[in-house]
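Understanding the architecture of this molecule
One-letter residues, chain by chain:
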Number of protein chains: 2
Amino acid sequence: MVEKRKPIAVGEAVQRVMDYAFPAKKEFVPLTQAHGRVIAEAIIADQDIPAFDRSPYDGYAIRSIDSQEASSEHPVRFQVVGEIGAGFVYEEDVGYRQAVRIMTGAPIPKGCDAVVMLELTQTFEVNHQTYMSIKRSFAAGTNISYKGEEVRQGTTLITAGQYINPGVMALLATFGYQQVPVFRKVTVGVIATGSELLEPEEALQPGKIRNSNAYMVMAQIERAGAEVQYFGKLSDDLDLCIEIVGETLQKVDILLTTGGVSVGDYDYLPAIYQAIQADVLFNKVAMRPGSVTTVAARNGQLLFGLSGNPSACYVGFELFVRPIIRTAFGNPQPHLRREQAILGADFTKPNPFTRFVRASAYYEKGQLIAVPSGFDKSSAVSSLAAANAFIMLPGGSRGYEKGRQVAVLLLEDLQGSEWPWDNIKKSSKS
Amino acid sequence: MVEKRKPIAVGEAVQRVMDYAFPAKKEFVPLTQAHGRVIAEAIIADQDIPAFDRSPYDGYAIRSIDSQEASSEHPVRFQVVGEIGAGFVYEEDVGYRQAVRIMTGAPIPKGCDAVVMLELTQTFEVNHQTYMSIKRSFAAGTNISYKGEEVRQGTTLITAGQYINPGVMALLATFGYQQVPVFRKVTVGVIATGSELLEPEEALQPGKIRNSNAYMVMAQIERAGAEVQYFGKLSDDLDLCIEIVGETLQKVDILLTTGGVSVGDYDYLPAIYQAIQADVLFNKVAMRPGSVTTVAARNGQLLFGLSGNPSACYVGFELFVRPIIRTAFGNPQPHLRREQAILGADFTKPNPFTRFVRASAYYEKGQLIAVPSGFDKSSAVSSLAAANAFIMLPGGSRGYEKGRQVAVLLLEDLQGSEWPWDNIKKSSKS
């Protein structure tokens with residue numbers, strides 16, 4: 001009576017999903033909306049930075065040769081022939097022992113080759129003419145920021161697929177991007193299943209629980225960078241379910257359901273996949289939690305059947321859905337960032353399958369430490385709030401001791417990994 | 001002629017700013033908008049989790065005592081008297097060698113004290129009555145998730161001031177929050193100054209540069225979690241500037257300007273602060289870049305005068321503005337997260353003042369490494385794009401060698417530090 005499901009390894013399961021990763025599409029957004037998006041084209045410098053020789057300080061621009069004889073005993077006097085603020089150009093020629101008052105950021109006047117900081121000068125007036133004097137000589141090039149010294153025109157500064165942080169925003173503004181090419185956010189539809197589910201506004205009833213998965217997974221979708229559309233709870237009527245799932249697939253890039261993938265009599269997802277002729281890529285993964293995670297594909301479109309258990313649902317999303325979203329951003333490192341850490345507490349549970357323990361990762365003297373963040377059952381919800389990592393424990397052990405090196409997957413990292421899975425090569429198709 | 005400014009230590013400067021930190025205000029947002037906000041009240045469990053004894057698997061609920069005699073040679077047969085899906089309650093009494101088909105998440109029927117997984121049973125029919133048999137005994141408590149085993153009613157799960165991540169969203173849904181108490185986002189006004197500035201849509205002109213600071217700092221404000229309002233570029237007319245700054249202060253919690261704080265003849269900010277009778281907390285900090293960072297206060301409201309140089313502006317924001325924004329979220333760790341790291345490359349620049357080197361921090365076998373991310377001048381813009389950390393080098397050295405331990409401040413961390421500054425105690429007032 002019970003369907004026998006054949007579990008596959010986590011890396012193999014991820015690989016099967018990644019074969020359906022779809023290409024990133026480009027759109028343009030105004031500069032003020034670009035922060036937090038992913039850039040879809042390289043930023044190549046279309047000008048030198050600085051674009052002209054300029055002064056990094058407030059002071060006087062001079063010809064360095066005129067300062068050669070200056071000393072404390074014999075200060076050299078310069079006639080102040082003009083002044084130049086940032087944003088303006090001094091057009092006259094500067095001659096023998098002439099100086100131009102110059103502000104930070106202003107272009108160096110023709111003929112000048114050094115800037116003396118204001119603090120090193122004395123200014124005075126003689127017959128309504130301003131002079132300044134200096135008590136030491138200055139070498140050619142003193143306090144000049146040369147054209148192109150920071151970036152040469154033609155240099156690639158940012159490659160496509162990078163996250164737009166505040167520093168990238170500064171580059172976009174510098175190079176005059178009013179509209180920024182970014183990767184389109186994919187839309188993920190969410191449908192909850194389960195007769196036991198109450199929405200947050202409903203009062204508790206015997207035997208029922210509140211629908212925490214939908215709200216959790218919507219936040220995970222947002223954290224991964226995608227748009228979310230929530231379609232509520234699936235009906236208890238199978239025919240209606242089939243109709244709704246079919247319709248929803250027209251409106252979203254990816255469809256995600258929570259619950260209904262187990263072997264219980266009310267687990268409709270297998271029947272729905274069959275009815276809409278979706279290919280089931282796998283329906284059992286050799287991992288805890290989330291072993292019942294099911295993924296199906298129809299016409300190249302992915303349907304993720306995540307567990308109804310909160311921790312299992314959470315893990316399933318991060319392992320299988322996140323990399324699809326990130327790949328659609330042109331991100332070559334779409335998977336959770338994998339790092340080594342020291343296990344900060346004993347984990348004594350026997351471990352027949354690969355286990356993803358919800359954990360809190362932190363530094364101690366620059367060393368990454370990870371400790372389980374609480375109650376470890378697939379149904380747990382409380383341990384997720386403190387989790388910023390998964391400790392990834394290989395199967396086949398009776399537990400792990402504090403101090404041991406473990407692999408962790410970081411949940412809040414912006415960078416990601418290319419392929420964090422052992423023993424499984426990335427598919428040639430992906 | 002030149003105003004002499006007295007530099008103060010970074011920690012001392014931060015402390016003077018933090019004395020003006022203002023209290024967090026609370027507002028309510030719908031659950032679907034709570035992700036990424038900061039919670040303003042503790043979440044205390046108003047029910048046990050689980051709320052009732054429930055089955056973690058699909059199977060049969062039995063009285064364990066009835067299974068005592070079961071073995072491979074002598075399977076024990078149970079009469080299947082009903083079934084119970086998740087969300088429903090089985091109301092009948094379960095008697096001697098009776099079993100109830102039970103789905104994952106369903107409440108354990110009265111009288112039963114064990115669940116046998118479906119895979120370990122044989123089901124069959126005799127005279128239209130369903131039976132199942134088992135080949136081993138099960139102890140009381142087998143496969144039962146007990147009421148309250150994960151969380152006891154009354155437990156504080158999340159304290160005020162915590163970031164709402166996907167796991168916290170799950171808790172909010174579980175405990176029925178339709179409206180979530182969060183800290184109000186402070187509004188930061190941004191005004192750019194400098195005759196040399198062009199907006200991104202303007203063509204380049206000799207001696208002028210594009211206004212990158214405003215777009216960069218707006219993204220930094222967003223990253224810190226606040227709202228931004230951009231008021232454009234300040235006029236070159238001092239009287240008009242004074243009027244505009246005065247008006248803008250009515251509309252925002254914090255006012256931030258870029259440029260105009262140096263000692264150049266067109267640096268209007270000192271005159272503006274004087275005209276509106278703001279107290280200057282400091283106008284010179286013993287650090288690079290950003291030494292001209294100026295902060296003033298009027299009627300308890302802070303005015304941040306950041307440098308016009310991109311790197312200096314960036315650093316000034318993260319050190320001085322970010323902790324004010326985060327404190328307004330009730331965050332007890334409002335400053336950049338300080339960690340120890342290994343310097344991944346030589347830094348040979350002599351260092352008379354505390355220096356904040358824009359850096360890329362990453363792990364190598366779980367150890368944090370930090371390398372400077374590029375061109376290191378206060379005017380640099382390109383090194384900011386790759387920066388996710390500052391290397392904090394104390395003054396008074398001629399450079400640092402690769403492999404040395406250094407302090408870093410992490411820019412993308414959600415957690416923060418209580419007080420990352422050496423030798424300076426946090427003010428008693430803050």
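Residues numbered from 1 in each chain as written. Chains lettered and ligands numbered in written order. Predicted model: local features only at pLDDT ≥ 70, side-chain atom pairs only at ≥ 80, totals over all residues. Heavy atoms only, no water.

Details of the overall build of chain A
Secondary structure summary: chain A contains seven helices and 24 strands in total. A globule of 430 residues ought to have a C-alpha radius of gyration of about 22 Å, yet chain A, at 32 Å, is considerably larger. C-alpha extents for chain A along the principal axes are approximately 110 × 50 × 50 Å. In chain A, the share of contacts with a sequence separation of at least 24, taken over all contacts with a separation of at least 6, comes to 72%. Taking the average place of the 42 positive charges on the side chains of chain A and the average place of its 46 negative ones, the gap between the two points comes to 7 Å. (Helix = DSSP H or I, 4+ residues; strand = E, 2+ residues; numbered from the N terminus. Rg over C-alpha atoms; globule rule 2.2 N^0.38 Å. Contact = heavy atoms within 4.5 Å. Lys, Arg positive; Asp, Glu negative; His and termini not counted. Charge placed at Lys NZ, Arg CZ, Asp CG, Glu CD.)

Thoughts on the interface of chain B and chain A
With 88 residues of chain B at the contact, the number on the chain A side is 87 residues. Here chain B packs against chain A, burying approximately 7,400 Å² in sum over the two surfaces, 59% of which is carbon and sulfur. Ranking the residues of chain B by area buried against chain A places E150(B), P166(B) and Y363(B) at the top, with a combined share of 9%. Put simply, chain B and chain A have two salt bridges between them. The salt bridge partner of K377(A) is E149(B), with a shortest N-O separation of 2.8 Å. Linking chain B to chain A there are 19 residue pairs in polar contact (both at pLDDT 80 or more). For the side of chain B that touches chain A, the secondary-structure elements that each account for two or more residues are β9 (156–158), α2 (166–174), β13 (209–210), α3 (212–224), β20 (337–343), β22 (367–372), α7 (382–385) and β24 (405–410) of chain B. Per element, the largest residue contribution to the side of chain B that touches chain A is eight residues, and it comes from α2(B). Grouping the constituent residues of the side of chain B that touches chain A by class yields 43 nonpolar, 27 polar and 18 charged. (Buried area = accessible area lost by both parts, 1.4 Å probe. Salt bridge = Lys/Arg side-chain N within 4 Å of Asp/Glu carboxyl O. Polar contact = N/O pair within 3.5 Å; in protein donor to acceptor, adjacent residues only side chain to side chain. Nonpolar A, V, L, I, M, F, W, Y, C, P; charged D, E, K, R; others polar.)

Looking at a negative patch on the surface
Residues and elements named next belong to chain A. A contiguous patch of negative charge on the surface is contributed by D236, D237, D239, E243 and E247. Within the fold, E247 resides in helix α4 (residues 238–251). Residue E247 is classed as partly exposed on the basis of its relative accessible area, which comes to 43%. (Patch = residues over 30% accessible without salt bridge, like charges linked within 9 Å, V, L, I, M, F, W, Y side chains within 5 Å. Areas by Shrake-Rupley, 256 points an atom, 1.4 Å probe, with all protein chains shown as cover. Buried < 20%, exposed > 50% of the residue type's maximum accessible area, 1.4 Å probe, protein only.)

Considering the relation of the copies chain B and chain A
Rotating chain B by 180° about the axis while translating it 0.0 Å along that axis superimposes it on chain A, leaving an RMSD of 0.1 Å. Taken together, the turn and the small shift mark the pair as related by a two-fold rotation axis. Proximity to the rotation axis, assessed at the C-alpha, singles out Q367(B) in chain B; its C-alpha lies 2.4 Å from the axis. Comparing interface residues between copies, 99% of those in chain B also lie at the interface in chain A; the contact surface is shared. (Least-squares fit on C-alpha atoms with pLDDT ≥ 70 in both.)

Quick word on the sheet that holds strand β16 (residues 279–282) of chain A
All names here are of chain A. Taken together, the six strands give an open sheet; going across it, the order is β14-β11-β15-β19-β18-β16, and neighbouring strands pair in mixed fashion. One side of each edge strand has no neighbouring strand; the edge strands of this open sheet are β14 (227–233) and β16. Each adjacent strand pair in this sheet contributes to an overall mean axis angle of 25°, direction not counted. Across five bridges, the pairing between strand β11 (residues 187–192) and strand β15 (residues 254–258) is parallel. (Pairing = 2+ DSSP bridges. Axes fitted to C-alpha atoms, helices over the stretch in contact; angles between N-to-C directions.)

A few points about empty space enclosed by the protein
Residue and element names in this part refer to chain B. With the rule as written, the count across this model stands at two cavities of 30 Å³ or more. Approximately 40 Å³ is the volume attributed to the largest cavity. Taken together, E318, L319, H335, L336, L409, P420 and W421 make up the lining of the largest cavity. Of the residues that constitute the lining of the largest cavity, the class distribution is five nonpolar, one polar and one charged. (1 Å grid on protein atoms, 1.4 Å probe; cavity = no way out; pocket = protein on both sides within 12 Å on 5 of 7 lines; lining within 4 Å. Points joined across faces, edges and corners; volume = space filled by probe spheres on them.)

Concerning the nonpolar core
Ranked by size, the top nonpolar core spans 77 residues in total, and within it L172(A), V180(A), F304(B), L319(B), F320(B), I325(B) and F356(B) carry the most contacts. When residues in this core are grouped by element, the largest group, nine residues, is from helix α6 (residues 310–327) of chain B. Discounting residues that sit within four places of it in the chain, L319(B) has contacts with V10(B), V14(B), M287(B), L336(B), F356(B), F390(B), L409(B) and W421(B). Counting residues in hydrophobic clusters, the runner-up holds 76 residues, among them M218(A), A224(A), L31(B) and Y177(B). (Core = buried A, V, L, I, M, F, W, Y, C linked by side-chain atoms within 4.5 Å.)

Points about the packing of aromatic side chains
Think of a pair of aromatic rings as described by two things: how far the centres are apart, and how the planes are tilted against each other in angle. Residues and elements named next belong to chain B. This structure, assessed with the given rule, holds 13 aromatic pairs over all chains. Aromatic pair Y314 and F390: ring centres 6.0 Å apart, planes at 75°, arrangement edge-to-face. One end of the pair, Y314, is in helix α6; the other, F390, is in strand β23 (residues 389–393), with 76 residues separating them in the sequence. The buried category is assigned to Y314, whose relative accessible area is 0%. Sitting over the ring of Y60, R101 keeps its end group 5.8 Å from the ring centre. (Phe/Tyr/Trp six-rings, centres within 6.5 Å; stacked < 30°, edge-to-face > 60°. Lys NZ or Arg CZ within 6 Å of the ring centre and 35° of its normal.)

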